[in-house]
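Here are the chains, one letter per residue:
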Amino acid sequence: MNKLSGCALLVLLAFSAGRARSQEMAVTFDDLPSHGALPAGMTRLEIAHSILETLHREQLPPTYGFINGGRGREAKDSPAVLAAWRAAGQPLGNHTWMHQDIDLESTAQFEADVSGNEPLLGQLMGHEDWHWFRYPYLHEGATLEKRRAARAWLSAHGYRIAETNMDFEDYLWNEPYARCVAKHDEASIQKLHDSYLAVAGQYYTLFRELSHMVYGRDVKYVLLMHIGAFDARMLPELLAFYRSRGVKFISLPDAIADPAYRDDPDVGEPSGGTHLELMVEKKHLTIPDNTKPYKELEAMCR
Ligand SMILES: [Zn+2]
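Described in the following lines is the structure provided in the data block. (Residues numbered from 1 in each chain as written. Predicted model: local features only at pLDDT ≥ 70, side-chain atom pairs only at ≥ 80, totals over all residues. Heavy atoms only, no water.)

### So, empty space enclosed by the protein
Here is the rule: Only protein atoms enter the 1 Å grid used here. Points where a 1.4 Å probe fits but cannot escape make up a cavity, open sets with protein on both sides within 12 Å along at least five of seven lines make up a pocket, and a residue lines them when an atom lies within 4 Å of a point. Grid points are joined across faces, edges and corners, and a volume is the space filled by probe spheres set on the points. Polarity classes work like this: nonpolar for Ala, Val, Leu, Ile, Met, Phe, Trp, Tyr, Cys and Pro, charged for Asp, Glu, Lys and Arg, and polar for all others, with Gly in that last group.
Applying the stated criterion across every chain, the model contains one cavity of 30 Å³ or more. A volume near 50 Å³ is recorded for the largest cavity. Here the lining of the largest cavity is built from residues that sort into four nonpolar, four polar and three charged.

### Let's talk about the pairing of strand 6 (residues 221–226)
Applicable threshold: Burial classes: relative accessible area under 20% of the type maximum marks a residue as buried, over 50% as exposed, and values in between as partly exposed (1.4 Å probe, protein chains only). What counts as a helix is a DSSP run of H or I of at least four residues, what counts as a strand is a run of E of at least two, and both are numbered from the N terminus. Paired strands are those between which DSSP finds at least two bridges.
Extensive coverage of strand 6 is indicated by the burial of six of its six residues. Pairing between strand 1 (residues 23–32) and strand 6: six bridges, direction parallel. Across the sheet, the residue bridging to Met25 is Tyr221, located in strand 6.

### Examining the state of the cysteines
Cut-off, in case you're wondering: Cysteine sulfurs are considered disulfide-paired once they come within 2.5 Å of each other.
Inspection of every chain in the model, using the stated rule, returns one disulfide. Disulfide partner of Cys180: Cys301, at an S-S distance of 2.0 Å. Because the sign of the S-S torsion sets the handedness, a value of about 105 degrees for the bond joining Cys180 and Cys301 places this disulfide among the right-handed ones. Taken as a pair, Cys180 in helix 7 (residues 174–182) and Cys301 in the segment after helix 12 (294–299) lie far apart in primary sequence, 121 residues in all.

### Topic: helix 11 (residues 275–282)
Convention followed: Contacts: residue pairs with any heavy atoms within 4.5 Å of one another.
For helix 11, the set of buried residues is His275, Leu276, Leu278, Met279 and Val280. Residues of helix 11 that are buried in the fold lie against helix 6 (144–156), helix 8 (186–215) and strand 6. Phi turns positive, to about 55 degrees, at His284, one or two residues after helix 11.

### Some points on the coordination of the zinc ion
The following threshold applies: Each metal's donors comprise the N, O and S atoms found within 2.8 Å of it (within 3.2 Å for Na, K or Ca). Water is not part of the atom list, so some coordination spheres may appear incomplete.
Taken together, Asp31 (OD), His95 (NE2) and His99 (NE2) make up the full set of protein donors to the zinc ion, lying 2.0 to 2.1 Å away. Mapping the donors of the zinc ion onto the primary sequence yields the spacing D-x63-H-x3-H. Taken together, the residues span a long stretch of sequence, with Asp31 in strand 1 and His99 in the loop between strand 3 (92–94) and helix 4 (107–115) at a distance of 68 residues. This pair shows no difference in class: Asp31 is buried, exactly as His99 is.

### Thoughts on the pattern of salt bridges
Operational definition: By definition here, a salt bridge exists when the distance from a side-chain nitrogen of Lys or Arg to a carboxyl oxygen of Asp or Glu is within 4 Å.
This structure, assessed with the given rule, holds 17 salt bridges. One salt bridge in this structure joins Arg243 and Glu58, with 2.6 Å as the shortest N-O distance. Pair noted here: Arg243 is in helix 9 (residues 229–244) and Glu58 is in the loop between helix 2 (44–57) and strand 2 (65–67), with a separation of 185 residues, a long-range link. Here Arg243 falls in the partly exposed class, since its relative accessible area comes to 36%.

### Focus on the packing of helix 2 against helix 3 (residues 78–87)
What counts here: Under this scheme, a helix contributes an axis fitted over its contacting stretch, all axes are lines through C-alpha atoms, and angles between N-to-C directions fall in the 0 to 180 degree range. Roughly parallel means an angle under 35 degrees; roughly antiparallel, over 145; roughly perpendicular, 65 to 115; everything else is oblique.
Orientation of helix 2 relative to helix 3, taken along the N-to-C sense of each, is 10 degrees, at an axis distance of 9 Å. Of the possible angle classes, the one that applies to helix 2 and helix 3 is roughly parallel. Where helix 2 approaches helix 3, its residues Arg44, Leu45, Ala48, His49, Ile51, Leu52 and Leu55 are matched on the opposing element by Ala80, Val81, Ala84 and Trp85.

### Remarks on the side chain of Thr96
So the rule is basically this: Polar contacts, as counted here, are pairs of nitrogen or oxygen atoms within 3.5 Å of one another; within protein the pair requires one atom able to donate a hydrogen and one able to accept it, and residues that are adjacent in sequence qualify only if both atoms are side-chain atoms.
Positionally, Thr96 belongs in the loop between strand 3 and helix 4. Using a relative accessible area of 1% as the deciding quantity, one classes Thr96 as buried. Here His99 takes part through its backbone nitrogen, which lies 2.8 Å from a polar atom of the side chain of Thr96. Contacts of Thr96, omitting those with residues within four sequence positions, involve Ile67, Asn68, Gly69, Asp113, Val114, Asn117, Phe133 and Pro136.

### Looking at the layout of surface pockets
Of the pockets and cavities examined, the largest pocket occupies roughly 450 Å³. Residue lining of the largest pocket: 25 residues in total, with Tyr137, Leu138, Asp167, Glu169 and Tyr171 positioned closest to the centre. At the level of elements, strand 1, helix 8 and strand 6 are the ones that each hand at least two residues to the lining of the largest pocket. Sort the elements by how many residues they give to the lining of the largest pocket and helix 8 lands first, with three residues. Here the lining of the largest pocket is composed, by residue class, of 10 nonpolar, nine polar and six charged.

### Quick look at the packing of aromatic side chains
Note the cut-off: Centres within 6.5 Å make a pair out of two Phe, Tyr or Trp rings, where for Trp the six-membered ring is used; the pair is then stacked when the planes are under 30 degrees apart, edge-to-face when over 60, and tilted otherwise.
On inspection of all chains with the given rule, the structure shows 16 aromatic pairs. Ring geometry for Phe29 versus Trp85: centroids 5.9 Å apart, planes at 70 degrees, classification edge-to-face. Residue Phe29 is located in strand 1, and its partner Trp85 is located in helix 3; the two are separated by 56 residues in the primary sequence. Each member of the pair, Phe29 as well as Trp85, carries the same accessibility label: buried. The rings of Phe110, Trp130, Phe133, Tyr135 and Tyr159 are connected pair by pair, giving a single aromatic cluster.

Below is the structure:
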């Protein structure tokens with residue numbers, strides 16, 4: 001091999017290795033304006049500002065916040081949270097008015113819960129695109145009949161589904177964090193910090209595995225987050241973790257442009273799940289063993 005072609009080969013190898021390492025991911029936040037326990041001495045608006053400052057500092061692309069306009073109305077800073085999200089230039093989407101579980105209501109009630117959110121979304125978003133829908137609890141219908149009816153209605157009303165496929169149940173840490181703050185238990189907060197990042201790492205690997213099982217490649221991922229106090233605190237380190245693994249952040253519309261999302265799993269699933277999990281089910285594949293520290297989190301700072 002002559003020197004020039006050896007060099008060219010090295011460049012090519014380096015390039016393909018770089019490509020293999022690089023994944024793309026959109027970040028999304030659910031349950032605006034109010035999610036999870038509020039630690040003593042903190043406001044919902046402070047949580048929102050913290051997240052918005054991180055998104056700005058880290059120069060993330062526009063980041064959708066999915067709202068439940070009818071929840072958190074009793075909190076006086078709820079309107080300010082939604083206004084702050086918009087003032088920071090971040091878009092909003094529909095997560096239903098009251099965050100009802102589609103499987104605990106009729107199709108007509110589901111449709112009313114979605115459309116009930118629209119006047120507020122229209123008012124906050126103006127001419128920008130708010131026709132993105134995120135299912136509460138990632139429940140898309142326990143039966144095929146329910147699922148297909150909901151999807152048909154959403155499509156007829158101009159919605160695209162904000163699928164997700166990177167989910168480590170980030171919200172689990174918000175309740176114990178509030179308890180640990182109340183107890184001034186810094187050692188336990190450090191444990192929460194460590195387990196949050198560890199579990200995010202495990203599920204990053206797991207969802208990439210599912211992606212390779214179903215599509216033989218990394219699809220463009222969509223991370224599911226919630227507007228919680230511990231999420232706000234951990235966001236800088238979480239983003240740094242993903243970047244350390246070669247993740248490039250993209251917008252939700254760019255992620256959903258991946259042809260993988262044209263696949264409708266078309267399965268009735270009482271437990272719900274992310275797009276990749278439902279595709280695994282459709283293809284009769286098996287999700288590798290995985291677990292989260294539910295019991296430990298539940299017991300923390302009692
Ligand atoms: Zn939610």
